[in-house]
Amino acid sequence: MQVKIAEPWKNILKEEFEKPYFKELAIFVKNDYQNFTCYPKGSDIFAAFDFCSFNDLKVVILGQDPYHGPNQANGLCFSVKEGVPHPPSLINIFKEISTDLNLPYPKSGNLEHWAKQGVLLLNATLTVRAHEAGSHQKQGWEEFTDQVIQKISNQKEGIIFLLWGGFAKKKAKLIDAKKHYILESGHPSPLSANRGYWFGNHHFSKTNVLLSNLKKTVINW
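What this report covers is the structure whose coordinates are included nearby. Just so it is clear, the structure is predicted and the values come from calculations on it, not from any experiment.

Our next topic: helix α1 (residues 9-17). Along α1, the positions that sit buried rather than exposed are Trp9, Ile12, Leu13, Glu16 and Phe17. Relative to the axis of α1, the buried residues are bounded by an arc of 140 degrees and lie together on one face. Contacts from the buried residues of α1 go to α2 (20-35), α3 (47-51), β3 (119-123) and α6 (141-155).

Right, let's talk about the packing of α1 against α6 for a bit. One can describe the packing of α1 onto α6 by two numbers: an axis separation of 11 Å at closest approach and a directional angle of 135 degrees. Compared by their axis directions, α1 and α6 come out oblique. Between α1 and α6 the crossing geometry is right-handed. Of the residues in α6, those in contact with Trp9, Ile12, Leu13, Glu16 and Phe17 of α1 are Phe144, Gln147, Val148, Lys151, Ile152 and Gln155. Each residue belonging to the contact of α1 with α6 can be placed in one class, and the counts come to seven nonpolar, two polar and two charged.

This paragraph deals with the pairing of strand β2 (residues 59-63). Counting buried positions over the five residues of β2 gives five, a clear majority of the element. Across the two faces of β2 the burial is the same, with Val59, Ile61 and Gly63 and Val60 and Leu62 all buried. Summarising the sheet, β2 and β3 pair through five bridges and their orientation is parallel. The residue bridging Val59 from the neighbouring strand is Val119, located in β3.

The final tally for this structure, using the stated rule, is five salt bridges. Salt-bridge contacts for Glu16 lead to Lys19; the nearest nitrogen and oxygen are separated by 2.8 Å. Classification of Glu16 as buried rests on a relative accessible area of 1%. Among the residues examined, Lys19 registers a relative accessible area of 31% and is labelled partly exposed. Residue Arg129 is joined to Asp32 by a salt bridge in which the shortest nitrogen-to-oxygen separation is 2.7 Å. Here the residue Arg129 occupies a position in strand β4 (residues 128-129), and Asp32 occupies one in helix α2, the gap between them amounting to 97 residues. When its relative accessible area of 5% is taken as the criterion, Asp32 is described as buried.

The next subject is the pairing of strand β5 (residues 160-164). Among the five residues in β5, five count as buried, and that is most of the element. A two-sided burial pattern is seen for β5, the buried positions comprising Ile160, Leu162 and Trp164 on one face and Phe161 and Leu163 on the other. Taken together, the three bridges between β2 and β5 define a ladder with parallel strand orientation. When the sheet's bridge partners are listed, Val60 is paired in β5 with Phe161. Here five bridges tie β5 to strand β6 (residues 181-185), and the two strands are oriented parallel to one another. Directly across from Phe161, in β6, lies its bridge partner Ile182.

Parameters and conventions
Residues numbered from 1 in each chain as written. Predicted model: local features only at pLDDT ≥ 70, side-chain atom pairs only at ≥ 80, totals over all residues. Heavy atoms only, no water. Buried < 20%, exposed > 50% of the residue type's maximum accessible area, 1.4 Å probe, protein only. Helix = DSSP H or I, 4+ residues; strand = E, 2+ residues; numbered from the N terminus. Arc of directions from axis to C-beta. Contact = heavy atoms within 4.5 Å. Axes fitted to C-alpha atoms, helices over the stretch in contact; angles between N-to-C directions. Parallel < 35°, antiparallel > 145°, perpendicular 65-115°, else oblique. Left-handed = near helix turned anticlockwise from the far one by under 90°. Nonpolar A, V, L, I, M, F, W, Y, C, P; charged D, E, K, R; others polar. Pairing = 2+ DSSP bridges. Salt bridge = Lys/Arg side-chain N within 4 Å of Asp/Glu carboxyl O.

Structure follows, in C-alpha cells:
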C-alpha cells in the first residue's frame with residue numbers, strides 16, 4: 001500500500017507497509033476516520049517522521065498515545081498545535097527544561113523545532129478517537145513503532161533514547177545498549193511527577209552533554 005512518509009524513512013520501513021498486520025491496521029484507521037472524529041488529522045499521522053530526518057536523527061523520545069482532545073495532537077508525542085493550551089505532561093516537561101537549563105518557560109507547545117533538530121517524537125500508537133484514550137491501541141500501531149525502534153537501533157549508532165514512564169521503559173529491550181544511550185525516568189504526567197519520579201532527571205542537559213561528547217550539535221530545547 002502507498003503510505004505518505006518522508007524519505008528515507010519510506011525505504012527503511014517499506015517492508016512493514018506490505019505486511020498483513022499493517023494492511024489490516026490501515027483498513028481499521030481508514031474506517032475509524034470515516035466514521036468517528038479521530039486525531040491527529042490524516043496528513044499529520046506520520047509527522048514525527050516528516051519533521052525528523054532519519055539521516056539527522058540524534059534523539060528518540062517515546063510517548064504512548066496522541067492527545068485525544070480537539071486541536072491538540074499534531075503527530076509529535078507530547079507536542080500540541082500552535083496556540084493550544086499546554087497539557088499537564090507538557091507543562092512538566094517545560095518546567096524541567098526551565099530548571100535544568102535555566103531557560104524561560106516556552107510560550108508555544110509545538111515541538112516541531114525539536115524534531116527539525118533530530119529529535120524523533122514517536123508515539124507508540126499514532127492515531128486515536130476523539131475523547132477515547134487508547135482507542136486505537138492493539139490494532140497494529142505498536143508492532144509498527146516497535147519495528148521503527150528496532151530499525152533505528154540496528155541501522156544507527158550513538159542515538160540517545162529518552163524513556164519516560166513504565167510503558168516507555170519496556171521498549172529498552174528493543175534497543176542495543178552497547179551502541180546507543182538510554183536515559184530513563186518517571187513519566188512527566190502529574191501523577192508521576194508529583195511523586196518525585198520526574199523533576200530533577202536532568203535529561204535535557206544530559207542529552208546535550210552526550211551529544212557534545214559525540215561531536216554532534218546540541219539540541220536547542
